[in-house]
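Notes for the structure review
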Amino acid sequence: MKKSITLLFTSILCIQCNTKSKTTISDKTLGVIAEKAMVVSAREEASKIGIDIMKQGGNAFDAMIATDLALLVSYPSAGNIGGGGFMVFRMNDGAIGALDYREKAPLAATKNMYLDKNGNVDSDKSQIGALAVGVPGTIAGIFEVHRKFGTLPFEKLIDPAIQLALNGVVVTEKQAQNLNDHTPDFRSANKKTILLDKLWKKGDTIKYLKLAETLNRIKIYGRDEFYKGKTANLIVDYVQNLGGIISKEDLAAYEVKWRDPITFKYKNHRIISMPPPSSGGICLAQILKSIEPFDIEQYPHNSTEYIQVITEAERRAYADRSYFLGDPDFVNIPTDSLTSETYLSKRMTDFDWKQATKSSALSRGFIPGYESNETTHYSIVDPFGNSVAVTTTLNSSYGSKVYVEEGGFFLNNEMDDFSAKPGTPNVYGLIGAEANAIAPQKRMLSSMSPTIVEKNGQLKIVLGSPGGSTIITSVMQNILNVLEYDMSMQEAVSKPRFHHQWLPDSIKFESSFDTLNFPYLKKLGYNIDQSNAPIIGKVDAILVLPNGQLEGGADPRGDDSAHGF
Ligand code: DON
């Protein structure tokens with residue numbers, strides 16, 4: 001059923017680089033097209049800064065650092081130095097790798113730290129305020145990227161963010177709304193008003209002078225400024241005054257980890273994604289390998305059958321996630337078994353076209369011999385053919401809402417990604433078990449899934465998404481949109497999405513999703529939830545077209561923007 005790819009030979013109606021306008025080739029609506037390099041991120045300023053670095057001769061890793069720091073300034077709800085993230089990369093010679101700069105639990109963290117005297121989870125404590133903060137990893141991450149792969153001087157990469165902070169960032173309509181919605185949380189977390197605590201409107205400019213000072217110190221003194229210098233002192237003093245437990249020892253002890261990506265085959269493609277402590281790569285492998293035998297392309301896109309097969313695969317993968325997955329430095333994860341074709345086909349044997357499986361009747365699978373909204377993603381391809389997929393976060397919008405005023409930045413609330421108590425859902429409704437219990441210096445389980453797809457040993461897609469537990473399923477649907485339905489990258493990211501995560505036992509649909517199939521799905525026993533998720537994920541991706549050009553797909557759900565040259 002695949003349409004033949006005729007991009008090369010059909011008439012190109014309009015091609016524009018460095019603009020948001022769409023290009024139409026034949027019957028496809030394409031995103032921004034570029035010949036050599038592309039950055040797709042949540043903010044125009046950040047994408048432009050990344051591109052500029054590559055125009056100056058920098059590679060994808062240089063651009064990663066500059067883009068990341070520009071998002072810190074222009075997209076403070078998720079761009080950060082007070083959070084953490086993951087990077088998956090693929091070099092032009094095919095070498096791959098993954099960097100884990102995820103936050104860690106402080107040394108003084110304890111398993112039951114979010115339980116009240118009755119043993120119930122006090123989610124206010126794990127979600128808002130100083131006790132929710134994990135030890136940040138972002139600055140360690142970007143310095144490690146620079147040490148290993150950077151080609152331009154670090155000063156050149158941080159300068160654009162400093163200038164942006166000094167000159168100010170113009171607030172978009174969506175951003176104004178988002179900031180205004182969070183005013184009460186800013187006040188309760190900081191016990192006072194902060195810089196961002198105003199009634200914002202589209203077109204206002206925010207200058208981040210304290211943040212510019214912090215970035216300047218980092219430019220001069222390097223990584224240690226954040227983990228051992230003045231910035232470290234500002235963080236510890238501020239957090240401890242508000243009742244938090246992060247100490248100087250915690251910051252001084254923070255280390256990133258290079259990890260081997262999860263790689264697997266889906267039909268004739270190779271998928272490369274984030275390993276634990278993200279659940280992304282393993283769940284993505286489980287879902288895609290479970291649906292592979294069904295020959296997905298025979299079902300119309302977003303049809304009942306399509307939704308059924310995917311939902312049942314998702315249900316089973318998320319049940320396994322909740323039991324088996326956690327920080328690999330603390331728990332033993334049976335990755336090979338969980339992603340094996342034998343195990344996954346057994347897992348799908350009770351899938352019934354005539355009736356939904358009940359999540360209550362399903363738990364994790366059995367492994368023989370086993371002894372456990374607001375993030376941001378950007379994708380980069382450089383003129384040398386290297387590619388980088390980065391997802392970075394403070395967890396919730398503006399993280400814990402704790403704003404280190406003298407430093408000018410927010411701190412994460414990543415501690416909520418741990419399982420505070422087995423069986424009790426976190427902010428994303430995710431249930432966890434012992435594998436993801438809190439322990440000092442442990443990394444909390446994540447769903448962030450920066451991912452790269454290859455075909456015949458060549459780069460094909462770079463993608464990822466925010467969206468908590470829905471990240472994995474958003475990434476997965478975009479892979480299918482391109483591989484099975486032959487969509488352009490822009491079409492793929494724009495399509496309505498759905499999501500199932502075992503518990504709660506309902507399929508979440510975006511509000512734009514066509515309701516035509518709902519009555520039949522309900523009859524089959526599926527619970528439909530269209531009330532909770534106006535949008536699911538925000539996918540920023542790059543597709544290598546058959547003629548070698550790059551197509552940026554910037555998700556229309558946000559202010560996302562693709563730039564290239
Ligand atoms: O690591 C995770 O899975 C979450 N902390 C990600 C949070 C997120 O995507 C929020 N965005 N909407």
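Once a new chain begins, its residue numbering starts again from 1 and follows that chain's sequence as written. The predicted origin of the model limits local features to residues at a pLDDT of at least 70 and limits the giving and counting of side-chain atom pairs to 80 or more, whereas totals for whole chains, interfaces and linings rest on all residues. Based on all heavy atoms of the structure, the side-chain values leave hydrogens and waters out of the count.

The 7 strands are arranged E3-E22-E21-E17-E16-E11-E10 in an open sheet whose pairing can be described as antiparallel. Since the sheet does not close on itself, it has two edges, and those belong to strand E3 (32-34) and strand E10 (262-266), each with one partner. Direction aside, neighbouring strands of the sheet carry axes that sit 25° apart on average. It only takes one pair of heavy atoms within 4.5 Å for two residues to be counted as in contact. Fitted lines through C-alpha atoms give the axes, limited to the stretch in contact for helices. The angle between two N-to-C directions lies from 0 to 180 degrees. We count a stretch as a helix when DSSP gives it H or I for four or more residues in a row; a strand needs E for two or more, and each element gets its number in order from the N terminus. In this fold helix H12 (residues 280-291) packs onto E10, strand E11 (269-273) and strand E16 (451-455), with an angle of close to 15° to the strand it touches most, E10. Only when DSSP finds a minimum of two bridges between them are two strands counted as paired.

Formed by 87 residues in total, the largest nonpolar core has its most connected members in Tyr 266, Leu 284, Leu 288, Ile 291 and Ile 479. Beyond its immediate sequence surroundings of up to four residues, Leu 284 is in contact with Phe 264, Ile 271, Ser 273, Thr 451, Ile 472, Val 475, Met 476 and Ile 479. Residues enter a nonpolar core if they are buried and are Ala, Val, Leu, Ile, Met, Phe, Trp, Tyr or Cys, with the set joined through side-chain atoms within 4.5 Å. Throughout, exposure labels follow a simple rule: accessible area from a 1.4 Å probe, protein chains only, divided by the maximum for the residue type, with under 20% read as buried, over 50% as exposed, and the rest as partly exposed. Core analysis: the second largest hydrophobic core is formed by 84 residues, Ile 51, Met 64, Val 135 and Leu 234 among them.

Mean pLDDT over the protein works out to 93, with 94% of the residues at or above the 70 mark. Segment residues 1-24 is flagged for pLDDT under 50; beyond a separation of four residues in sequence, or across chains, it makes 57 contacts in the model. Known as pLDDT, the predictor's per-residue confidence is scaled from 0 to 100.

So, about the pattern of salt bridges. By definition, a salt bridge exists where a carboxyl oxygen of Asp or Glu is found within 4 Å of a side-chain nitrogen of Lys or Arg. This model, assessed by the stated rule, comprises 34 salt bridges. In this structure, Glu 312 engages Arg 315 in a salt bridge whose closest nitrogen and oxygen atoms are separated by 2.9 Å. Placement of the pair is Glu 312 and Arg 315 together in helix H13 (residues 304-324), with a separation of 3 residues, close to one helical turn. The exposure class assigned to Glu 312 is buried, which follows from its relative accessible area of 0%. Taking relative accessible area as the criterion, Arg 315 reaches 0% and is therefore assigned buried. A salt bridge links Arg 557 to Glu 510, with the nearest nitrogen and oxygen atoms 2.7 Å apart. Taken together, the residues Arg 557 in the loop between strand E22 (550-553) and strand E23 (561-564) and Glu 510 in the loop between strand E19 (507-509) and helix H18 (518-523) connect sequence positions 47 residues apart. In terms of burial, Arg 557 and Glu 510 fall into one category: buried. Sharing partners across several salt bridges, the network here consists of Asp 100, Lys 257, Arg 259, Asp 329 and Arg 443.

Moving on: the side chain of Thr 392. Its place among the elements puts Thr 392 in strand E13 (residues 387-393). Thr 392 sits in the buried class, given a relative accessible area of 1%. Any pair of N or O atoms that falls within 3.5 Å is considered a polar contact. Within protein, one atom must be able to donate a hydrogen and the other to accept it, and sequence-neighbouring residues count only if both atoms are side-chain atoms. Within the structure, the side chain of Thr 392 is placed 2.9 Å from the side chain of Asn 80, a separation counted as a polar contact. A polar contact is formed between the side chain of Thr 392 and the backbone oxygen of Gly 84, at a distance of 2.9 Å.

Along a regular strand, successive side chains alternate from one face of the sheet to the other. The buried fraction of E11 is high, at 4 of 5 residues. As paired strands, E10 and E11 are joined by 5 bridges and run antiparallel to one another. Note on E11: the bridge partner recorded for Ile 262 is Ser 273. Here E10 folds back onto E11 in antiparallel fashion, the turn holding 2 residues, of which Lys 267 has a positive phi close to 50°. In the sheet, E11 pairs with E16 via 5 bridges, with the strands oriented antiparallel.

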